[in-house]
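Given next are the chains, with one letter for each unit.
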Amino acid sequence: MVTITDIAKACGVSRAAVSKALNGAPDIAPKTAERIREQAKALGYLPNATARALKVGRSYNIGILFSDPTGGGISHEYFSQILESVKSEAERLGYDITFISKDIGAMSMDYYEHAKYRNCDGAVIASADYHDPAIVRLVTSEIPTVTLDYTFDSCTSILSDNVRGMETLVRYVYENGHRKLAFIHGEMTSVTQKRLASFKKTCASLGITVPQEYIRPAVFHDPRSSGLATRALLELADRPTCIFYPDDLSFLGGMSELERHGISIPKDMSVVGYDGIPLSQVLRPRLTTYRQGAEQMGREAARLLIEQIEHPDTWLPQNITVEGALLKGDTVRSID
């Protein structure tokens, strides 16, 4: 096993110089540091993570908490983009990631205990029930934490612009002549509350009256529940001309239900999704949707968490809103 001493001998420098070069210390000449790092690589040197953690008081390990009650898990394109971006940015900054959850094998533990067990320097909560006492315990603990799409006073939050995103979609549909707008929403989370409020507020500002029966509950990322909600809308005597879906994946259930009733998109019914996952743009017709900045959300979550870990004395909690973009697609028909 190659050691720092071996590298020092090969380079003709002190162990301290090698340590500084490998840890990016500023008080060593750049050319010397580069020569030492090249020699370390040539010798096959691998740093000892345990020794490094003991020396600097950090494990360089970030916990990722992802809980999805629908069972879609990280296979869902929107969340996979976020998590991949968290991983890439964390690795770029020298950190590994570990998924944390409740219970490990036969051991019963909550999220905070698992994060401590894995010696995580911090945690990113990508998806969870933020009212869960176990989540609240983690967020309010000494472990630096960043949340996605939910705000706590004690930690940094990365937020997708759900209010502007929904307003953009409503105005686009309105500009295409639609006045009968139905909204199938997900579970009543903070995300749903913002989108639903924005939907109603924008409709009101445009002079659109939305009947209560046009608002239908479903479950995020669950095509079956959105399919059932679509069926209920189609059974109305006065049908909407455009249906808003809680996310692009849920739209698939609506698409199947519309096809079952012989309804063509967008000739007989216009539809819009939300998220802007790649799948939405390979469907035919291409889904009109609002693309969230998933990659940027992941990068910002990792970057700001590591900033808090490494500079705790100057850290202040922030709420960062990441803008998205309208993808017009082909599923909204222009009507007179």
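Up top is the structure.
Quick summary incoming for the structure in this document.

## Remarks on the sheet that holds strand β2 (residues 96-99)
With parallel pairing, the six strands of this open sheet are ordered in space as β2-β1-β3-β4-β5-β11. At either end of the open sheet lies a strand with only one pairing partner, and these are β2 and β11 (319-322). Across the sheet, the mean angle separating the axes of adjacent strands is 20° when strand polarity is ignored. Alignment of strand β1 (residues 61-66) against β2, held across four bridges, turns out to be parallel. What sits directly across from I64, in β2, is F99. Packing of helix α12 (residues 294-310) onto the sheet brings it into contact with β1, β3 (122-127), β4 (145-148), β5 (156-160) and β11, and relative to β5 it is tilted by some 170°.

## Re the sheet that holds strand β9 (residues 270-272)
Two orientations exist for strands paired in a sheet by backbone hydrogen bonds: parallel and antiparallel. If you walk across this open sheet you meet the four strands as β7-β6-β8-β9, and the pairing is parallel. The open sheet has two free edges, formed respectively by β7 (215-217) and β9, since each of these has just one partner strand. Within the sheet, the average angular offset between the axes of one strand and its neighbour, ignoring direction, is 20°. Against the sheet, helix α10 (residues 223-234) touches β6 (181-185), β7 and β8 (242-244), its axis set at about 155° to β6.

## Describing the packing of aromatic side chains
One pair of aromatic rings is described through two measures. These are the centre distance and the angle between the planes. The tally for this structure, following the rule as stated, stands at nine aromatic pairs. Residues Y150 and F152 carry aromatic rings whose centres are separated by 5.1 Å and whose planes lie at 55° to one another, so their mutual orientation is tilted. Among the aromatic residues, ring-to-ring pairing joins Y130, Y150 and F152 into one connected group. Lying across the ring of Y174, R179 places its NZ or CZ 3.7 Å from the centre. Here the guanidinium or amino end of R195 rests over the ring plane of Y274, the centre of that ring lying 3.7 Å away.

## Observations regarding unusual backbone geometry
The phi torsion of most residues other than glycine is negative, and most of the peptide bonds are trans. Of the consecutive residues I265 and P266, the connecting peptide bond is found in the cis state with omega at 0°. Mapped onto the secondary structure, P266 falls in the loop between α11 (248-260) and β9. Across the junction of R284 and P285, the peptide omega takes the value 0°, indicating a cis bond. For P285, the location among the structural elements is in the loop between β9 and β10 (289-291). Of note in the backbone geometry, H221 takes a positive phi value of approximately 60° without being a glycine. By the element assignment, H221 lies in the loop between β7 and α10. Phi at D275 is positive, roughly 120°, even though this residue is not glycine. With respect to the helices and strands, D275 occurs in the loop between β9 and β10. Looking at D275, the relative accessible area reads 4%, which means it is buried.

Basis of the calculations
- Residues numbered from 1 in each chain as written.
- Predicted model: local features only at pLDDT ≥ 70, side-chain atom pairs only at ≥ 80, totals over all residues.
- Heavy atoms only, no water.
- Pairing = 2+ DSSP bridges.
- Helix = DSSP H or I, 4+ residues; strand = E, 2+ residues; numbered from the N terminus.
- Axes fitted to C-alpha atoms, helices over the stretch in contact; angles between N-to-C directions.
- Contact = heavy atoms within 4.5 Å.
- Phe/Tyr/Trp six-rings, centres within 6.5 Å; stacked < 30°, edge-to-face > 60°.
- Lys NZ or Arg CZ within 6 Å of the ring centre and 35° of its normal.
- Buried < 20%, exposed > 50% of the residue type's maximum accessible area, 1.4 Å probe, protein only.

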